[in-house]
Amino acid sequence: MLRARLWPIAAALSVTALACDAAPGDVLSTTTTVRPGTAAVASAIDPPTETPPDPDPDPVPDPDPDPDPDPDPDPEAPPEIPEDDEPPATPPDAPPDPTDAVNAGFIGGACATDSDCAYTGGVCLGASLGLPSGLCTLPCDRLCPDRAGAATTFCVAPGDLGVTADAGLCTMRCDFGASVTGCRAGYRCELLGRHGEPDTTQYACVPGEPDDALLSPCQEELLARGADFALAQNPMDHPDGHPELTCDVEDPVWLDPVIRGVTFRYASATATPKKLFASCPLALALDDLAAMLAEQGVTDVVDLGIYNCRFIAGSTKMSQHAFANAIDLAGFVRADGSVATVLHDFEAGVAFPVTEPGAFLAWVAGTLYEDRIFNIILTPNYNDAHRDHFHCDLTPGSHFLE
Ligand SMILES: [Zn+2]
């Protein structure tokens, strides 16, 4: 009874919650010299493209940037030589910190020389400038290139990195899939304004001690589960025509679209997976969902979106999508190639589905309800608006399946 077919494409959906990775490509053409305490940076031309994060963050004040610190050690000072009868502070053959492999060869990665920064215009801010294990960077006006598989990047004021320069400098955004602090050893995750555009903020890595209070309890739980995520900005948007209402997202995160081996794709089984913008509670629910589906051999989930700052259709009540607290599930692909779509395979109004994909879909909806992975699950049984997806949300205090 298994039928292979193309997945439905929801062309009319207005939901967008896409990652902000920029395609590697155009990079800056500059000549750059770095001298102790100073990164002199030529003006940037032909900046790389970067898709701005969506949702667009609202203005947040720049958290007290240090305009011109001078962390540079005195170059004339003699090196400290340990006493003969004391072990050296750092054994010469000490293994490198494993987080030094984060973004290796790319922006935010460790380096000793410019040649360690393997991209056009790559510059190494060395450890002598106060950047622990060195930091690969690139001068920037506003935008920095990204590289597939590496943490995304951000253009910060040079003072945020403890150097002076006449342009911004690229660093990596915090990535909690790569490191439990979100950053390499010797760096801290901090909410920073974009160079020249301080109202646009992102969590990015700068030299310093990690902040133990950075993550919410929910985000700590996500970290403890080994989830691959980055901290996101709360968009604090408003539904169209309703400036008095706010789409306040709880502890928002960008979640890697591959969760416990299950790949989430938007609107089509062939769509390129993009990072998922979600409230932290939804991220935990997606982790539970992925674990449940992985046990059943599911490899791919087709979803119809998470975040959308809007009312419930036909009402003036805020949708749980407005809080990135809901996901619409349209279909599932299993390792044997079998597919089950809500649109084609769900057997509405049937207590005991007769087809295999129909039975599987009924099992998914029932298990999400019984295991309380979601609080509300609406299927095609609920109304025609749900003929092609299961709406799954975390409405507080609810326990409802139809
Ligand atoms: Zn929905």
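Residues numbered from 1 in each chain as written. Predicted model: local features only at pLDDT ≥ 70, side-chain atom pairs only at ≥ 80, totals over all residues. Heavy atoms only, no water.

Enquirer: Explain the overall build of the protein chain to me, and be specific about the residues and the numbers.
Expert: Broken down by element type, the protein chain carries four helices and 20 strands. A burial count over the protein chain gives 50% of its 402 residues as buried. By sequence separation, contacts in the protein chain at least 24 residues apart represent 64% of the contacts at least 6 residues apart. Total accessible area computed for the protein chain in this model is approximately 18,400 Å², and 54% of it derives from carbon and sulfur atoms. (Helix = DSSP H or I, 4+ residues; strand = E, 2+ residues; numbered from the N terminus. Buried < 20%, exposed > 50% of the residue type's maximum accessible area, 1.4 Å probe, protein only. Contact = heavy atoms within 4.5 Å. Areas by Shrake-Rupley, 256 points an atom, 1.4 Å probe, with all protein chains shown as cover.)

Enquirer: Tell me about the state of the cysteines, residues and numbers included.
Expert: Applying the stated criterion across every chain, the model contains eight disulfides. One disulfide in the model links Cys218 with Cys280; its S-S distance is 2.1 Å. As the torsion about the S-S bond is roughly -100°, the Cys218-Cys280 disulfide counts as left-handed. Of this pair, Cys218 sits in helix H1 (residues 217-224) while Cys280 sits in helix H2 (residues 280-295), and the two are 62 residues apart along the sequence. Taking relative accessible area as the criterion, Cys218 reaches 15% and is therefore assigned buried. On the basis of relative accessible area, Cys280 is assigned to the buried category, the value being 0%. (Disulfide = S-S within 2.5 Å.)

Enquirer: I'd love a proper account of the environment of Leu343, names of residues and values included.
Expert: Looking at the secondary structure, you find Leu343 in helix H3 (residues 342-345). Separated by 37 residues in sequence, Leu343 and Pro380 place their C-alpha atoms 8.3 Å apart.

Enquirer: Lay out the packing of H1 against H2 with the relevant residues and their values.
Expert: The contact between H1 and H2 brings their axes to 9 Å, and the two run at 25°. The orientation of H1 with respect to H2, classified from their angle, is roughly parallel. Considering the relative orientation of H1 and H2, their crossing is left-handed. Only Cys280, Pro281, Ala283 and Leu284 of H2 make contact with H1, whose side of the interface consists of Cys218, Gln219, Glu221 and Leu222. (Axes fitted to C-alpha atoms, helices over the stretch in contact; angles between N-to-C directions. Parallel < 35°, antiparallel > 145°, perpendicular 65-115°, else oblique. Left-handed = near helix turned anticlockwise from the far one by under 90°.)

Enquirer: Now, about the coordination of the zinc ion: what can you tell me, with residues and values included?
Expert: Ligation of the zinc ion by protein atoms is provided by His321 (NE2), Asp328 (OD) and His391 (ND1), these donors lying 2.0 Å from the ion. Linear spacing of the donor residues for the zinc ion on their chain is H-x6-D-x62-H. Judged by its relative accessible area of 3%, His321 is buried. (Donors = N, O, S within 2.8 Å, 3.2 Å for Na, K, Ca; no water.)

Enquirer: Could you give an account of the sheet that holds strand S10 (residues 229-231), with specific residues and numbers?
Expert: Spatial ordering of the open sheet is given by S10-S11-S14, a layout of three strands whose pairing is antiparallel. Edge positions in the open sheet fall to S10 and strand S14 (276-278), since each of these has one partner strand only. Each strand axis lies, on average, 25° off the axis of its neighbour in the sheet, ignoring direction. Of the pairings in the sheet, the one linking S10 to strand S11 (residues 253-255) comprises three bridges and is antiparallel in character. (Pairing = 2+ DSSP bridges.)

Enquirer: Give me the lowdown on the pattern of salt bridges, citing residues and values where you can.
Expert: One pass over the full model with this rule turns up 11 salt bridges. Salt-bridge contacts for Arg142 lead to Glu197; the nearest nitrogen and oxygen are separated by 2.6 Å. With Arg142 in the loop between strand S5 (139-140) and strand S6 (153-156) and Glu197 in strand S9 (residues 197-207), this residue pair connects regions lying 55 residues apart in the sequence. Relative accessible area serves as the criterion here: at 24%, Glu197 is assigned to the partly exposed category. (Salt bridge = Lys/Arg side-chain N within 4 Å of Asp/Glu carboxyl O.)

Enquirer: Describe unusual backbone geometry, with residues and values.
Expert: Positive phi, close to 45°, is recorded for Asp251, a residue that is not glycine. With respect to the helices, strands and loops of the structure, Asp251 is situated in the loop between S10 and S11. By relative accessible area, which is 25% here, Asp251 ends up partly exposed. Unusually for a residue other than glycine, Ala324 sits at a positive phi of about 50°. With respect to the helices and strands, the residue Ala324 is situated in the loop between strand S15 (298-303) and strand S16 (326-334).

Enquirer: Please give an account of the side chain of Thr171 that cites residues and values.
Expert: Position of Thr171 among the secondary structure elements: in strand S7 (residues 168-172). At a separation of 2.9 Å, a polar atom in the side chain of Thr171 contacts the main-chain carbonyl oxygen of Cys205. Setting aside residues up to four positions removed in sequence, Thr171 forms contacts with Ile107, Leu135, Thr152, Thr153, Phe154, Val156, Leu161, Ala204 and Cys205. (Polar contact = N/O pair within 3.5 Å; in protein donor to acceptor, adjacent residues only side chain to side chain.)

Enquirer: Any chance you could break down the packing of aromatic side chains for me, citing the residues and the numbers?
Expert: According to the stated counting rule, one finds eight aromatic pairs in the structure shown. On the numbers, 5.3 Å between centres and 70° between planes, the contact of Phe106 with Tyr119 is edge-to-face. With a gap of 13 residues between them, Phe106 in the loop between strand S2 (38-41) and strand S3 (123-125) and Tyr119 in the loop between S2 and S3 connect regions that are remote in the sequence. For Phe106, a relative accessible area of 3% corresponds to the buried category. (Phe/Tyr/Trp six-rings, centres within 6.5 Å; stacked < 30°, edge-to-face > 60°.)

Enquirer: Residues and numbers for the environment of Pro252, please.
Expert: Structurally, Pro252 is set in the loop between S10 and S11. For Pro252, a relative accessible area of 8% translates into the label buried.

Enquirer: Run through the nonpolar core, naming residues and quoting values.
Expert: Core analysis: the biggest nonpolar cluster contains 79 residues, and Phe264, Leu286, Leu368, Phe374 and Phe390 have the highest contact counts within it. Per-element accounting of this core gives the leading share, 10 residues, to H2. Dropping the residues within four chain positions of it, Leu286 is found in contact with Leu255, Ile259, Phe264, Leu276, Ile306, Ile327 and Phe374. Counting residues in hydrophobic clusters, the runner-up holds 13 residues, among them Cys124, Leu138, Cys140 and Cys155. (Core = buried A, V, L, I, M, F, W, Y, C linked by side-chain atoms within 4.5 Å.)

Enquirer: Quick one: what's the story with H2, residue by residue and with numbers?
Expert: In this model H2 runs 23 Å from its N-terminal to its C-terminal C-alpha over 16 residues, within 8% of the 22 Å that 1.5 Å per residue would give. Three or more residues of H2 are buried, namely Cys280, Leu282, Ala283, Leu284, Ala285, Leu286, Asp287, Leu289, Ala290, Met292 and Leu293. A distance of 3.1 Å separates the backbone nitrogen of Leu282 from a side-chain oxygen at the start of H2, and that oxygen is part of Ser279. Trailing H2 by a residue or two, Gly297 shows a phi angle of about 80°, which is positive. (Expected span 1.5 Å × (residues − 1).)

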